[in-house]
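Close look at the chain arrangement
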Amino acid sequence: MHRSLQISEVIHTICDQLDQSDHLERNTCIALSLTCKAFLEPALDHIWRDVSSFKPLVACLPADLWRVEIQPMGRSKGVAETEPYYSQLVRKLLHLQREVTPADLDRYLSFYAGRIRTFQTDSWMPFPILSVHALKSIQVATNFKKGALAPSLHALKWVSPALLESVFKSHDAADDFYPIYASLFLSEHVDTLHLCIYKEYAQYMAEVHSALDRSPDMKKLSSVNTILDDSIIATLSTIPCLRLLVLQDPYSETPALTPQPSGSPPPITEDLTPPFPSLESLTLIYKDLRSCNLLLRSLPPSNRLHSIHISYTHGYLQNTIDTVHSHVNHLTLRKLVMIDDFYPTKDYSSPSVEKTEDEFWDDVEMQPLLAFKNLVTLRVVRKGWHTLLTPDFVHELEMSDSSWRNLEELDLCGTRPTTQVPLINHDHFLKILEACPALRNVALFFDATRITFHDESPSAPFHLQNLSVRDSPIASADCVLNFLDFNLPNILSINGIPGCMDPPCVPLYRKRWEEVEETLRDANPRPWILNSIGVDPYLY
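Going by the annotation in an unreviewed UniProt entry, the name recorded for the protein is F-box domain-containing protein, with Ephemerocybe angulata given as the source organism.

It is worth spelling out the packing of aromatic side chains at this point. Counted by the stated rule, this structure contains 19 aromatic pairs. When the ring of Tyr-181 is compared with that of Phe-185, the centres are 5.3 Å apart and the planes differ by 45°; the resulting orientation is tilted. Residue Tyr-181 and its partner Phe-185 are located together in helix α9 (residues 171-185), separated by four residues, close to a single helical turn. Neither residue differs from the other here; Tyr-181 and Phe-185 are each classed as buried.

Counting across every chain of the model gives four cavities of 30 Å³ or more. Roughly 100 Å³ of internal volume is contained in the largest cavity. Along the walls of the largest cavity sit 13 residues, with Ile-197, Val-208, Leu-212, Ile-232 and Leu-236 positioned nearest its centre. The set of elements that each furnish at least two residues to the lining of the largest cavity consists of α10 (202-213), β8 (220-224) and α11 (230-237). With four residues, the single largest contributor to the lining of the largest cavity is α10. Tallied by class, the residues present in the lining of the largest cavity amount to nine nonpolar, four polar and no charged.

Of all 10 residues that make up helix α15 (residues 426-435), seven are buried, and the element is covered over most of its length. Within the sequence span of α15, burial applies to His-426, His-428, Phe-429, Leu-430, Ile-432, Leu-433 and Ala-435. Buried residues belonging to α15 abut α14 (391-399), β14 (409-411), β15 (441-443), β16 (466-468) and α16 (477-487). You can read the cap of α15 off the contacts: a side-chain oxygen lies 2.9 Å from the backbone nitrogen of Asp-427, and it is on Asn-425.

Another aspect to go through is the confidence of the model for the protein. Averaged over every residue, the pLDDT of the protein is 79; residues scoring 70 or more account for 79%. Low pLDDT, under 50, characterises residues 252-273; the predicted model gives this stretch 40 contacts beyond four residues in sequence or across chains. Confidence over residues 535-540 falls short of pLDDT 50; this stretch has 10 contacts with residues more than four positions distant or in other chains.

Strands in a sheet are paired, the pairing made by backbone hydrogen bonds, and the direction either parallel or antiparallel. One open sheet holds the three strands; their spatial order is β2-β3-β5, and the pairing between them is mixed. One side of each edge strand has no neighbouring strand; the edge strands of this open sheet are β2 (66-72) and β5 (129-130). Helix-sheet contacts for helix α8 (residues 161-168) involve β2, β3 (90-96) and β5, and the interaxial angle to β3 is about 75°.

With that settled, the discussion passes to the pairing of strand β12 (residues 335-340). Within β12, five of the six residues are buried, which leaves the element mostly enclosed by the surrounding structure. Relative to strand β13 (residues 377-381), β12 runs parallel, the two sharing five bridges. Residue Val-337 lies in a different strand from β13, and its bridge partner there is Arg-379.

Here we take up a negative patch on the surface. Side chains of Asp-478, Glu-515, Glu-518 and Asp-522 sit close together on the surface and give a patch of like negative charge. With respect to the secondary-structure elements, Glu-518 resides in helix α17 (residues 507-523). Assessed through its relative accessible area of 44%, Glu-518 is described here as partly exposed.

Note: most residues except glycine have negative phi, and most peptide bonds are trans. Here the bond from Ala-460 into Pro-461 is cis, since omega is 5°, no more than 30 degrees from zero. Tracing the chain through its elements places Pro-461 in the loop between β15 and β16. Its identity as a non-glycine residue notwithstanding, Lys-169 has a phi of 60°, on the positive side. As for its position among the elements, Lys-169 is in the loop between α8 and α9. Look at Lys-169 and you get exposed, because its relative accessible area is 62%.

Conventions used here
- Residues numbered from 1 in each chain as written.
- Predicted model: local features only at pLDDT ≥ 70, side-chain atom pairs only at ≥ 80, totals over all residues.
- Heavy atoms only, no water.
- Phe/Tyr/Trp six-rings, centres within 6.5 Å; stacked < 30°, edge-to-face > 60°.
- Helix = DSSP H or I, 4+ residues; strand = E, 2+ residues; numbered from the N terminus.
- Buried < 20%, exposed > 50% of the residue type's maximum accessible area, 1.4 Å probe, protein only.
- 1 Å grid on protein atoms, 1.4 Å probe; cavity = no way out; pocket = protein on both sides within 12 Å on 5 of 7 lines; lining within 4 Å.
- Points joined across faces, edges and corners; volume = space filled by probe spheres on them.
- Nonpolar A, V, L, I, M, F, W, Y, C, P; charged D, E, K, R; others polar.
- Contact = heavy atoms within 4.5 Å.
- Polar contact = N/O pair within 3.5 Å; in protein donor to acceptor, adjacent residues only side chain to side chain.
- pLDDT = per-residue confidence, 0-100.
- Pairing = 2+ DSSP bridges.
- Axes fitted to C-alpha atoms, helices over the stretch in contact; angles between N-to-C directions.
- Patch = residues over 30% accessible without salt bridge, like charges linked within 9 Å, V, L, I, M, F, W, Y side chains within 5 Å.
- Areas by Shrake-Rupley, 256 points an atom, 1.4 Å probe, with all protein chains shown as cover.
- Salt bridge = Lys/Arg side-chain N within 4 Å of Asp/Glu carboxyl O.
- Lys, Arg positive; Asp, Glu negative; His and termini not counted.
- Charge placed at Lys NZ, Arg CZ, Asp CG, Glu CD.

What follows is the structure, encoded as structure tokens:
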């Protein structure tokens, strides 16, 4: 064997290149562990690092322990009734035929339990579920030791109580599952939790609160089905080391909201100022922007947030922009992403369908965001329409010497063609590049019809590498090519309207942008090829 393969770090690196989610690569790792003694321990560490069901535990226990109850899983929402694969899926509920003894668990605890770093049970997969009685018996056999089944666990995803109720056919049994489950898996090393909030399950919620209270080192928390209120926010705010927080609203539908004037944000019943002393990254996925605003307003002035990601369906975006400006630290924020999940009920790509005046209520003013002088990424992406920049905003950006000097990514384009008219042209686009010299990736809707052969910026060349123009109007591909050649010589890609969209009102624009893209690619193919595979062309 080569001398380099006698170094354990090298073998671990080799094993880490294998994807555990890929069945073939997992089998490769198993074969690797049987190659020689030097590969055994590193390969086993990799195989057992991420466990996604009770199946590996069950495989290590005697077969005579179990009585198997077969349950049809049914089909998932959105899957056709005629789909044979989903109609044949079954789940196994494992009951005990006898009590579990310490000897039954000896092999698992001695060789495998200490290798597990993440544990989850995917509810949509046909993996076995242990009965409450089986978990209680394992708890007794391990002498009620906390985290006995995964003593070195770092990340734990809890099983959905709604799933367990469908499996156990009992609300109480599903509720009784959690105190034992948490006792067996929630060790002192766990610093990442993935939860579902179901207030109708009393013991489950008590265990959730208990887990948060006894996990002072918790750094990452993800919670779905979370209705934000004062009690939830107060509980989350008491976790001293929490750095990453992901919250998602319930799955139930929320009615559309009536737009509110930007000057009158929704009232808050009391002044919430929880500390969140270590929070750095916040992700909120809510249908109603008012829920996002409630948590944002609870942040203390000294917050350390450097990343905010908001995904929403209903609400007035201007209120959220104003709230971010008022309650997020202007000096620490580096990344701000706001993406809507709204799909227009009308086909606005058709020239025969125009937005009425009240459908433009959600146009936003971006001026408050100029206060965040250390932004690196800014994305305001809406499926129904573009975020329109005004000449006044571009002028304010130009006059504000220190604003957005570090900005590298700016995305204000929607994802669907619209009949909107851009309010800025190529001159404003150049002024944005002059005010933001670090820009590398831009998605912007602007008027390119007035570009001539002589439009050159005195600050050129700029370092922009990727430009998305979507359905920006364009008159001459030759003029645009000359414009790019002088001002943006480092450009690697230009993306116009996706080929899958062919609305009658814009095929000419798409054809002209495609001509620009093809000419640039033919003139200098190497950077385009490297960029397409994710390699920085300037390294070669």
